Amino acid sequence: MTVMDIQPGTAASEFVKYGDTITMYSVAHGGFVASQGIVDERISVGVLESKGLVPPNLHECRFIVYNKFQYASYKAYKKEVSRRGSTIDDLDPDSKDYSLISTLKLRAQEEKRNNETEFKRLGGEYVAIGSIVQLKHSVSDKFVTLKKLRAEHDSKAMKVTLESTGSESSWFVVSQGYKSQAEGDRVAVNEVLTFKSVKFANMSLHISQDPMPFENLKMPRYTSRLLELNAFTEASKLRVIPYAECPLLVPQAAQSLKGGDIVSLYHLELEAYLCVEDERLVFKHKPRTADTPSNAVWKFESSRIQRAGDVCRWATHNYRLQNVASGLFIAVEGNMVGLTDMYNTEQTNFTLHPGTRAKSDAVLYESMFTLKSAASSLFLSGTAGDRSGLASDMCAVAALCEEQLDSDVLHAQPVEGEEYSRIVVVREALGVLNDFIESMQECPSIKLSRSDEKMLLRVKKSPLKAVVVKHSAEVQATLAKLIGMCTQLLKKEDPTMADGPPITHMQSLLAEQNAISIVMQVLSMPIVDKKVPLALFDIEKGGPYGGAVFLRIAQLAFSLIRALVKTHGENQQRMAGHIPFVRSLLGTETKAAAALLEIFRDNRKLLRKVSESDVRDFLVLMQQQKKPRFVLFLAAICKCESIPLAVNQNRIVSELMPKCSEVFPSLNFEVLGDGQARVIVRMDNIEIPLNSFAGQTEFINNKSPMERTDEENLYMYYLACMQLYSDLCFGRNKGASDTLIRNSDILGVSYGSLLACVQQRSLPNAVRSSAGQLLMSLYLDRDPCEPLPAIKLTRMWKRVLPKDAEHYDSFERNHDLRQEVDGMEDFEDLKDYMLHYFESLGPCMDSGKLSKNKLTLQLLQLLEMLVVFGFYSKPSKRVRAEKEIDVPAVRKLLLPLLAILDGRSDRFTLLDEDADNARFHSVDSRIAVLLDCKLQILRILSYFFDQRADVRLSLFLEKFEEIFEESFPRVDRSRLKETKSLLGGLKGIPGVGIIGSGVGAVTGLLTGAAGLGAKAVGAVGGKALNMLGGGLAMGLKMIPGVDVPIGDSEAARARRRKRRFKKRKDVKAGKNTSKIAPLDALGAGMNALTAGAKGLGGLVGIGESEEDRVKGQIVRRMQFLEEASSWHDSPVWTEEQIEDLEDDMFAEPVLHEATHLTDDLDHPPRFVEILLDLLRYEYRPLTNMAFELLSNHMSQKAKFISSLLKAQVLVYPDIVQAFLASRAQVSRLRSEVKWVLSEDTKRRDEARQICSNILEFFRDLCVPGSEPLIADEQLFITSNNKQKYQTFLRNLNAHEAVIEIIKLPLDTTKASTAGQPDLPTDPHLRDLFARGYSFLEAFVADEPDNQAAVFKSRDLFCQHLGVEGINIPPLISKCTKNNRQLLNLVDETFARMFMRLIVDYGQNPAWLRFFEDFVVMGEFEIKKKSKFGLKDACRI
């Protein structure tokens, strides 16, 4: 049926209602009224080549019938804003104008809500002749509106366009076209109508006879001409064709698939989207939780004319699918499926068939279905498709099969209108660039000449220049729009200077639409194809010849490339082939250097390809031009994310440092008195005082390099050099650090100079920040400084420490730095200044002071490093080899840090009309810096709070040792039985009733109440603690719905004091008092001896020479038990002693009163109020950290119990020595990692050998039967004691040090024989990796906590699957073996990867054993895992 065949309806369901979606067909012209809406607000009528057929853009022809909206309040608001020339954001909140405009705006918003309510009320009511209606374009959500302007192409008519809010100019009276109905009659569907304007008398919607000019818009291929829709006294007759009924009248409309919906099609079996790639119909693998690929978005259109937007039905109606990005339709030709731009043929029609039993005849979004071709009766298939020659993320090319297969069901997922709009906008923008490229291609090339001047003259007269000038404005606007789409721009910011956070999904969308290739064609077409000389891009040389236009387009194009690749690894790789061209433009002002920097930044594959010649090229450019962009590029190639690239660092040092006086500026100080100085930078006979640039950094940075003076360029060059110095030292590159220190007098980077720069208030904050960053990299973050654990979970019994224990400790070496650098004395001068600086900041920060906030952030990072490296710690009184927090020093810091942390008095750049809430929702690049300062403070406080728990843990152990030694003076402490956990048992230590119910007694007392059983945290005053996720006790009355007290109430404390007083009276009276039941030490000791003897007896390789030593150990253990038999009835703890201990640990603040847990819930401390305020920000890192810290604060006792349960006490001298040696070896391992890839072969081989020996030593500690040598004594590792070594290695983070080695890049090549594993290019590095994996495999064996710690890095391990000599599956298997929690984290993708290994590399039994551990835990099968493991095996 065509449009010409349809007749007006007469049934009740065939009348137009409010809320109906209609299309309007011009009978006289043979076309539908349409508008692109999203990218073009003009309305036109496309005259079809064949009248009456359905157009392929029917989606853009839809209009929704609305009732008459009211606009009086909105009109008054807009009039007042227009009269004053300012919005509400520009006004003073205290002014009368602000109050007036606020009131008008609220009224306008209320009016809008009333309009929407009225529309819902009238939805489904009939529209009558003479009714006033509004027509809303369905795609763009804009109203058809008359403008008091001349029409664009018909000067006699008024302009008609689309407007988002509408106005009184959007009101139209519905009139009949042929006088066949009276006023008030219902409007029948398919009736011919006219629409007369209410506001403009005698003006109606009108279609011009003259076609619109082709050069102003693209002519769709299915139309013969485009006609303009405008307003004129002569009304055009339009047939109203029903598209979809009002959704309020259709059951399950929102849950059903309908014609006109925008969807993605997901193949459930392949876990892939149906996409268009290189004009091929393919299935692209991507998880359903990820963003939908832009090439996988489809228009789902009915092939009918009437009711094309109704709910889809099974197997009855034909539908066609058009790819939104490409505009192509799925079509079937014979037994082949492909793509076509021909839309109105039977080959594009498909019917829907249910994949499972259908619940109704309507196709719901939850339904699974297959597509059947109406032309060939074949079904669309993915499993039957060809898979050869596809990219790694492609599953198959779409194909056809004769039968409907359950494995080929599809699921339609609705795509949001915003996503559709983005794709349309991008497609339109790239179309503009393609037109520009085509226009340039038609121009002849510039004739070559040896003279640049002659060539420039030829360019000036060439057709190419005329084309560029003609398209310049449109191309520049398009490039600027695309930059704004993929990066966050500030208001009125120059797009070429944009440096905001990237918008990742838009970067991906543009790349999927081939934007990178198109933009590079825009750049390369004039230079490579048309032979335009590079001199044209020099503003001085090329300016007189029209070079400014070429230069501006090139700057915008490179800025777009920069925005596309920023932190986007896939887009960086897409640019890899264009790098030579980009490098050829480095000497110009085209922004090529900035783009190249982002291409390489944090991309390991590209950074490793940087050669010595590349560094030399930049050295030459630096010598010639002294531009900061070249220095910043060298800085960017020094590291990849958080991993230093020592090879590149060393190349830069070796090439640049011998010429440092020629390449880098020098620094001098002129003392002015009062602690102030004048800082002079000199370079190439130019001398500038840095003090004169205070407050100007941002202004200078926003200037283009061509606009800067020589002094400003030198200033920016100096800042870039400071960045380079810092990045050269990153990762503790000792060679670079030593070289910089040797040249510190020339470069001005001595410790004293940097500290003086940080302290000088008269210097620009950018200089002070750079000095602080370099001070941290050059003098603090270097060997032998190491992070100290905030909570020491492995403890040593004081009496069994060796005399040389401090020899093993690396902390003491931190202070040896003062012997290398003059002026450093534990950084006391730096610590004093930072305290002064933080105190001077006051309680108010300003987001507008960006440079000041960056300085604050830098000093906070410096403070964190000082804290973590132990410069705010001191030797423990209990054990000198251990360190604890320096409470007086920390106490001074807390109040200034809390003042900065409090955001309630901060000044923010408000972007929202609600000033009170704008700071929580408006996180732009400036506010993000301020919030990062607060995040940094939270990290520091978190470390301090962990140290507070560590102090309490030390106090508990100290008291225990004291009481134990008083109770049992005869015991030989060197033979105490250590255990994994201090509260887990202390199985050989008598008198501690903390096993079974005893755990509840001790932990109950420590949490404020006795008798809690095994719960470890429980009731306070009869009420249970409200534990929220992970132990957070949030019983704050200010939080709605939670009214449970935290900590001890005053009444509970009074009861405890009364009970304690009564017990003391009973003791004086000689009465029995309740004491915690002691352990049966003899029984426990016998069990330990039996297990130990079995382990010793089972050791392999104990010869006769060792027999006496083993027997001696057993005899000494028996003597120990004889002595222990006298402890059986001797108590250690009394309940009174534990209560006193609890008071000592929690009654008084450890750090400061401001962070102490209080009982006053009605008036919580300021610290809690600050954290609750931080939770309101829409800045996830900050809110997560604030929530974690609030958890830490409110559950201090639970935190202590948790730490106590995990604590490990070492009481055997030999195991203590093993622990101390291991701690030193972990430190050594971390310091050697950076040399593993060094170009110095001698130092590299030495480092690899050291690392290999350490890894072997760690492995031996975890493998029963091994005999590692420590301090000339051999240890015997048994299956019973290996857990101790595994535990303290975990507490030392030895596994993390090993994983840092495995993170190093390992290059491989494909084997010459198919099915063979990949070959490493560096076999010695492969061997080191293999030792690391061997240690990790032993480390996780039968130890759940270690399994969880290592399993986090499973994605890293999988990168080495299929590499010769590295066996990953045993490690993965042992990580998950008998650990249900970790097994639940293993998904189908992970299992499929192992099945793919079997296909690619042969039948390796180790890979099949992974599945055995994967589907079986102990003696029980995990059915869910077994099911999809078998499914993957059958599929592959």
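Predicted, not measured: the structure shown is a model, and the values here were computed from it.

## A word on helix H44 (residues 1344-1351)
Restricting attention to buried positions, one finds in H44 the residues Asn-1346, Gln-1347, Ala-1349, Val-1350 and Phe-1351. For H44, the secondary structure elements touched by its buried residues are helix H41 (1282-1291), helix H42 (1294-1302), helix H43 (1323-1340), helix H45 (1354-1358), helix H46 (1369-1376) and helix H47 (1380-1383).

## Here we look at the nonpolar core
Ranked by internal contacts, the top residues of the largest apolar core, which has 205 residues, are Phe-664, Leu-690, Tyr-715, Phe-838, Leu-863 and Phe-944. Among the nonpolar cores identified, the runner-up in size contains 67 residues, and Leu-957, Phe-964, Val-1226 and Phe-1357 belong to it.

## Here's the deal with the confidence of the model for the protein chain
Here the protein chain shows a mean pLDDT of 79. Residues at 70 or above account for 78%. Contacts for the low-pLDDT stretch residues 809-823, under 50 throughout, to residues beyond four places or in other chains number 36 contacts. Confidence drops under pLDDT 50 across residues 970-1049; counting only partners more than four residues distant or on other chains, this segment forms 214 contacts.

## Thoughts on the packing of helix H16 (residues 646-656) against helix H19 (residues 710-729)
For any two helices packed against each other, one specifies the inter-axial angle together with the distance between the axes. Interaxial distance between H16 and H19 falls to 9 Å at its minimum, and their mutual angle equals 130 degrees. Relative to H19, H16 is oriented oblique. Of the two elements, H16 crosses H19, and the hand of that crossing is left-handed. The segment H16 lies against H19, with Gln-649, Ile-652, Val-653 and Leu-656 engaging Leu-724, Asp-727, Leu-728 and Cys-729. Partitioned by chemical class, the residues of the contact of H16 with H19 number 6 nonpolar, 1 polar and 1 charged.

## Description of the side chain of Asn-691
Tracing the backbone through its elements, the reader meets Asn-691 in the loop between strand E30 (686-689) and helix H18 (697-701). A relative accessible area of 18% means that Asn-691 is categorised as buried. Discounting chain neighbours no more than four positions away, the residues touching Asn-691 are Ala-677, Arg-678, Val-679, Ser-762, Leu-763 and Pro-764.

## Comments concerning the environment of Val-475
Looking at the element boundaries, Val-475 is found in helix H5 (residues 463-486). Those residues in contact with Val-475 that lie beyond four places of it in its chain are Leu-433, Phe-436 and Ile-553.

## Brief notes about the pairing of strand E16 (residues 297-302)
Most of E16 is tucked away, with 6 of its 6 residues classed as buried. Alternating positions in E16 separate into two faces, Val-297, Lys-299 and Glu-301 on one and Trp-298, Phe-300 and Ser-302 on the other, with burial throughout. With 4 bridges connecting them, strand E13 (residues 261-267) and E16 associate as antiparallel partners. Within E16, the residue paired with Asp-261 across the bridge is Phe-300. As defined by bridge partners, E16 adjoins strand E17 (residues 319-323) across 5 bridges and the pair is classed as antiparallel. What sits directly across from Lys-299, in E17, is Gln-322.

## Let's talk about the pattern of salt bridges
Enumeration over the complete set of coordinates arrives at 52 salt bridges. Notably, a salt bridge pairs Glu-110 with Arg-113, separated by 2.7 Å at the nearest N-O pair. In this pair, Glu-110 and Arg-113 both sit in helix H2 (residues 96-122), 3 residues apart, roughly one turn of the helix. Across the pair Glu-655 and Arg-616 runs a salt bridge whose closest N-O atoms are separated by 3.3 Å. Of this pair, Glu-655 sits in helix H16 while Arg-616 sits in helix H14 (residues 612-625), and the two are 39 residues apart along the sequence.

The rules we used
Residues numbered from 1 in each chain as written. Predicted model: local features only at pLDDT ≥ 70, side-chain atom pairs only at ≥ 80, totals over all residues. Heavy atoms only, no water. Buried < 20%, exposed > 50% of the residue type's maximum accessible area, 1.4 Å probe, protein only. Helix = DSSP H or I, 4+ residues; strand = E, 2+ residues; numbered from the N terminus. Contact = heavy atoms within 4.5 Å. Core = buried A, V, L, I, M, F, W, Y, C linked by side-chain atoms within 4.5 Å. pLDDT = per-residue confidence, 0-100. Axes fitted to C-alpha atoms, helices over the stretch in contact; angles between N-to-C directions. Parallel < 35°, antiparallel > 145°, perpendicular 65-115°, else oblique. Left-handed = near helix turned anticlockwise from the far one by under 90°. Nonpolar A, V, L, I, M, F, W, Y, C, P; charged D, E, K, R; others polar. Pairing = 2+ DSSP bridges. Salt bridge = Lys/Arg side-chain N within 4 Å of Asp/Glu carboxyl O.

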